[in-house]
Amino acid sequence: MASQREPAAVDVSLRLNGRDVTLRVPAHRSLLDTLRDTLGLTGTKKVCNEGDCGACTVLVDGRPVYSCLTLAVACAGKHVETIEGLARDGDLHPVQQAFIDHDAYQCGFCTPGQVMSLVGLLRENASPSEDEVRRAVSGNLCRCGAYTNIVAAGLAAAKAKR
Ligand code: FES
Ligand code: FES
């Protein structure tokens, strides 16, 4: 009987929320599973696990990516940022604060992904138009239909950062 072989594991060094980390992960493991299961960073949500919903959005080198479609090994040498890394000294990031101020969530399951997409947008474009905010979250599904308030929060966060 053929024996089942363990998938190859590799060491991956990356920056995670501003700290250098080295992990041993199976070569096929997604960044999403690595964040949630290996590192216990469950703020990044797992919904479809196949690139349809955006709940798993994180920043890699400042750009929003679906972490369910990204291998952890592909992040070697890169900076991965998750929702857990946004607050500074107990102060929420302006996008997080704007979501609270504008009631931009209901169940909250899509919220970390929405927030990370908007943080990525504001890094590139400090004064986005409403259309640009809408485009930035167009890959983030909200089953609760909180879109109007999500867009309002994105625009308010841009103003707050100026
Ligand atoms: S969990 Fe990654 S896109 Fe849905
Ligand atoms: S707030 Fe429930 S899915 Fe967006």
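Residues numbered from 1 in each chain as written. Chains lettered and ligands numbered in written order. Predicted model: local features only at pLDDT ≥ 70, side-chain atom pairs only at ≥ 80, totals over all residues.

What follows deals with the environment of Leu16. In this fold, Leu16 is placed in strand β1 (residues 9-16). For Leu16 and Thr82, which are 66 residues apart along the polypeptide, the C-alpha to C-alpha distance reads 8.0 Å. Apart from residues no more than four positions distant in its own chain, Leu16 is found in contact with Val21 and Val80. (Helix = DSSP H or I, 4+ residues; strand = E, 2+ residues; numbered from the N terminus. Contact = placed C-beta atoms within 7 Å.)

Judged by nonpolar contacts, the single largest core of 42 residues is most densely connected at Val95, Leu118 and Val119. For this core, the secondary-structure elements that each account for two or more residues are β1, α1 (31-38), β3 (57-60), β4 (63-66), α2 (94-101), α3 (111-124), α4 (130-136) and α5 (147-161). Counting residues per element, this core draws most heavily on α3, at six residues. For this core, the domains that each give at least three residues are domain 1 (9-85) and domain 2 (94-161). In contact with Val95, other than residues within four places in its own chain, are Val115, Leu118, Val119, Leu122 and Ala157. (Core = buried A, V, L, I, M, F, W, Y, C linked by C-beta atoms within 7 Å. Buried ≥ 20, exposed ≤ 12 C-beta atoms within 10 Å, placed from the backbone. Domains from an automatic or database assignment.)

Quick look at unusual backbone geometry now. Here the phi dihedral of Asn49 falls at roughly 60°; this positive angle occurs in a residue that is not glycine. In this fold, Asn49 is placed in the loop between α1 and β3. Unusually for a residue other than glycine, Asp103 sits at a positive phi of about 50°. For Asp103, the location among the structural elements is in the loop between α2 and α3. By the C-beta count within 10 Å, which is 13 here, Asp103 ends up partly exposed.

As paired elements, β3 and β4 share four bridges and run antiparallel to each other. Bridge pairing links Leu59 to Pro64 in β4. Where β3 folds back onto β4 in an antiparallel hairpin, the turn is made up of two residues, including Asp61, whose phi is positive at roughly 50°. The sheet contact formed by β3 and strand β5 (residues 79-81) spans two bridges and is antiparallel. (Pairing = 2+ DSSP bridges.)

That is the geometry; function is a separate question.
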